[in-house]
Amino acid sequence: MSDFEPKIVAFFCNWCTYGAADLAGVSRLEYPPNFRVVRLPCTGRLNPKFIMEAFKRGADGVWVSGCHPGDCHYIAGNYHARRKFILLHQLLESIGVEPDRLRFSWISSAEANKFQAIARDVVEHVKACGPNLAFRKEELKLGLAEVA
Amino acid sequence: MPALEDVAKKIRESAKRLLAEGRAEVVVGYRRGTIPLTTAPFFARTAEECDQLVWSNFARINLANYLPGRKKVALVAKGCDARSAVGQVVENQIPRDELYVIGVPCTGMVDNALVAAKEPRPIREVVETTDDSFTLKGEGYSVEVRKEEVLRRNCRTCAHRTPKLADELAAPEVPGATPDDFADIKALASKTPAERLAHFKDLIKDCLRCYACRNACPLCYCPICFVDETRPQWLGKSNDPMDTLTFHLLRGLHCSGRCTSCGACETVCPVNIKVREFNRILELTVQKEWQYEPGLSWDQKPPLTMFQTDDAAEFIK
Ligand code: SF4
Ligand code: SF4
Ligand code: FES
């Protein structure tokens, strides 16, 4: 498992975490390259079906990150999102998604160091879960069997 | 123990009066089903048609499903259905003054799967006169069944059997049952993720994705359901297990904080899937986090339309 490099789909709010990733980059703070970033206008835009789609298409982990409560560019987007996340998180955990595969965080555009730390942490935890075999679609599993 | 016919009479009287007064243009209620152990939705628009309205131990479908967009409608509603109707008003699917609720205090509805387990022989006819038992008749047999033994799961734990917010009641009030303790849902916490996944995959393994559960649900009034979206297509059209699981998860989420446990979804499932398992996980969370139960007041705000600045979410770091 040691050479397993997870693919992680990251949903970042444009106004904060996305900026933090940029800042981490220009500040030359190294973080693992396992993320495929999807930029959201706000965490309020995150529809739970995006997360399911990521897992279905074979993502090994999903990371959602937005502005700290009180700092949303659209004032309340992340407050609404937080309620959705509470339900989504509970539901996915209850039906057997490993808690470490799905991460939520609040990272402001100034917190490059926090970004770096969490990025590393997310990769480490998803690695420990191993490849996503349970939540990908059958056709992808077939694809895997062919190349194996 | 009111006789079913007395309740039906009361429903018919009210229906006729509402039509005559012009308070309603249509009364949505139940009529006899064309096969045993069923009723069918019925739209009465004239006094003569009102005579077809019945009350039954098999009035399982939630007729609030027919409210969105309607005008001047009277609805025959059990406790759970009336709560759904309140939800429709709260969600602006129908104005309060276009709706009249004929509430029927309910002692629970029958689960046909339990009946079939008890009586495997073909059933030709059901005779029901009261709300506590009924008689099954078939080739050369006739057996009496006590309703208590074949109640639907959701009815066994229904705390809101009397439609408190109805405009009138067609029968005397009844006490609520002991509410769901969610013991099985709470017990999930002590299982491993792999065990939980196995449990839920097994639960839905027979799902045909016929979407009957969605169609029967009063909450599912979206003009285009996510399962039918094609650009992008969120759910494949085959019966890939992950698509099926995604359907049930998203369906559950869409109903969260709104589901009144009417059981219509489980009732219509052709393969007897306990669809509400997903809803119940969320119902428990909604109750725990926001102390909210849907359909209990005309002016409550659904939990996902609002927030508190200090909503607790320890898992977001
Ligand atoms: S009614 Fe039953 S079989 Fe049909 S989609 Fe719903 S759960 Fe699946
Ligand atoms: S999800 Fe099922 S139990 Fe809940 S309101 Fe819809 S049909 Fe009724
Ligand atoms: S703008 Fe970042 S969460 Fe709303």
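These figures come from a predicted structure and were not determined experimentally.

K.L.:
I tried to follow the overall build of chain A on my own but got confused; where do I start?
P.N.:
From N to C terminus, chain A includes five helices and four strands. Helices and strands in chain A line up, N terminus first, as β-α-β-α-β-α-β-α-α. What you see for chain A is a C-alpha radius of gyration of 15 Å, in line with the 15 Å of a compact globule of 148 residues. Projected onto its principal axes, the C-alpha positions of chain A cover 45 × 35 × 20 Å. The long-range share in chain A, meaning contacts at least 24 apart out of those at least 6 apart in sequence, stands at 82%. Accessible area for chain A stands at about 6600 Å²; split by element, carbon and sulfur atoms hold 53% of it. Chain A carries 19 positive and 16 negative side-chain charges, and their two centres are separated by 7 Å.

K.L.:
How should the overall build of chain B be read in this particular structure?
P.N.:
Secondary structure assignment for chain B yields eleven helices and eight strands. Here the C-alpha radius of gyration of chain B, 20 Å, is about what a compact globule of 317 residues would show, namely 20 Å. With the principal axes as the frame, chain B shows a C-alpha extent of 60 × 50 × 40 Å. When burial is assessed residue by residue, chain B has 53% of its 317 residues classed as buried. A fraction of 65% describes how many contacts in chain B between residues 6 or more apart in sequence connect residues 24 or more apart. Carbon and sulfur atoms make up 52% of the accessible area of chain B, which totals about 14500 Å². Taking the average place of the 44 positive charges on the side chains of chain B and the average place of its 44 negative ones, the gap between the two points comes to 2 Å.

K.L.:
Would you take a moment to explain the environment of A:G77 for this structure?
P.N.:
All names here are of chain A. If you trace the backbone, G77 turns up in helix α3 (residues 77-94). When the C-alpha atoms of G77 and S105 are compared, they prove to be 15 Å apart, with 28 residues separating the residues in sequence. The residues contacting G77, other than those within four sequence positions of it, are C42, T43, G44 and C72.

K.L.:
For this particular structure, what's the right way to read the site of ligand 2?
P.N.:
All names here are of chain B. Close contacts around ligand 2 come from C217, L219, R251, C259, T260, S261, C262, G263, A264, C265, R276 and N279, and that covers them all. Of all the secondary structure elements, the ones that give two or more residues to the shell around ligand 2 are α10 (264-268) and α11 (276-290). Each residue belonging to the shell around ligand 2 can be placed in one class, and the counts come to six nonpolar, four polar and two charged.

K.L.:
Can you help me understand the pairing of strand β2 (residues 39-44) of chain B in this one?
P.N.:
Two faces belong to every sheet, and in a regular strand the side chains alternate between them. Residues and elements named next belong to chain B. In terms of strand pairing, strand β1 (residues 26-32) meets β2 through six bridges, oriented antiparallel. Across the sheet, residue Y30 finds its bridge partner in β2, namely P41. Counted along the chain from β1 to the antiparallel partner β2, the turn is six residues long, and its residue L37 has a positive phi close to 70 degrees.

K.L.:
Before we go on, may I ask you to explain the sheet that holds strand β4 (residues 102-106) of chain A in this structure?
P.N.:
As a general point, the strands of a sheet are linked pairwise by backbone hydrogen bonds and lie either parallel or antiparallel. Residue and element names in this part refer to chain A. Taken in spatial order, the four strands of this open sheet run β2-β1-β3-β4, and their pairing is parallel. Pairing within the sheet leaves two strands with one partner each, and these edge strands are β2 (35-40) and β4. When the angles between neighbouring strand axes are averaged without regard to direction, this sheet yields 15 degrees. In this fold helix α1 (residues 17-26) packs onto β1 (8-13), β2 and β3 (61-66), with an angle of close to 110 degrees to the strand it touches most, β1.

Reading the values: rules and limits
- Residues numbered from 1 in each chain as written.
- Chains lettered and ligands numbered in written order.
- Predicted model: local features only at pLDDT ≥ 70, side-chain atom pairs only at ≥ 80, totals over all residues.
- Heavy atoms only, no water.
- Helix = DSSP H or I, 4+ residues; strand = E, 2+ residues; numbered from the N terminus.
- Rg over C-alpha atoms; globule rule 2.2 N^0.38 Å.
- Contact = heavy atoms within 4.5 Å.
- Areas by Shrake-Rupley, 256 points an atom, 1.4 Å probe, with all protein chains shown as cover.
- Lys, Arg positive; Asp, Glu negative; His and termini not counted.
- Charge placed at Lys NZ, Arg CZ, Asp CG, Glu CD.
- Buried < 20%, exposed > 50% of the residue type's maximum accessible area, 1.4 Å probe, protein only.
- Near = heavy atom within 4 Å.
- Nonpolar A, V, L, I, M, F, W, Y, C, P; charged D, E, K, R; others polar.
- Pairing = 2+ DSSP bridges.
- Axes fitted to C-alpha atoms, helices over the stretch in contact; angles between N-to-C directions.

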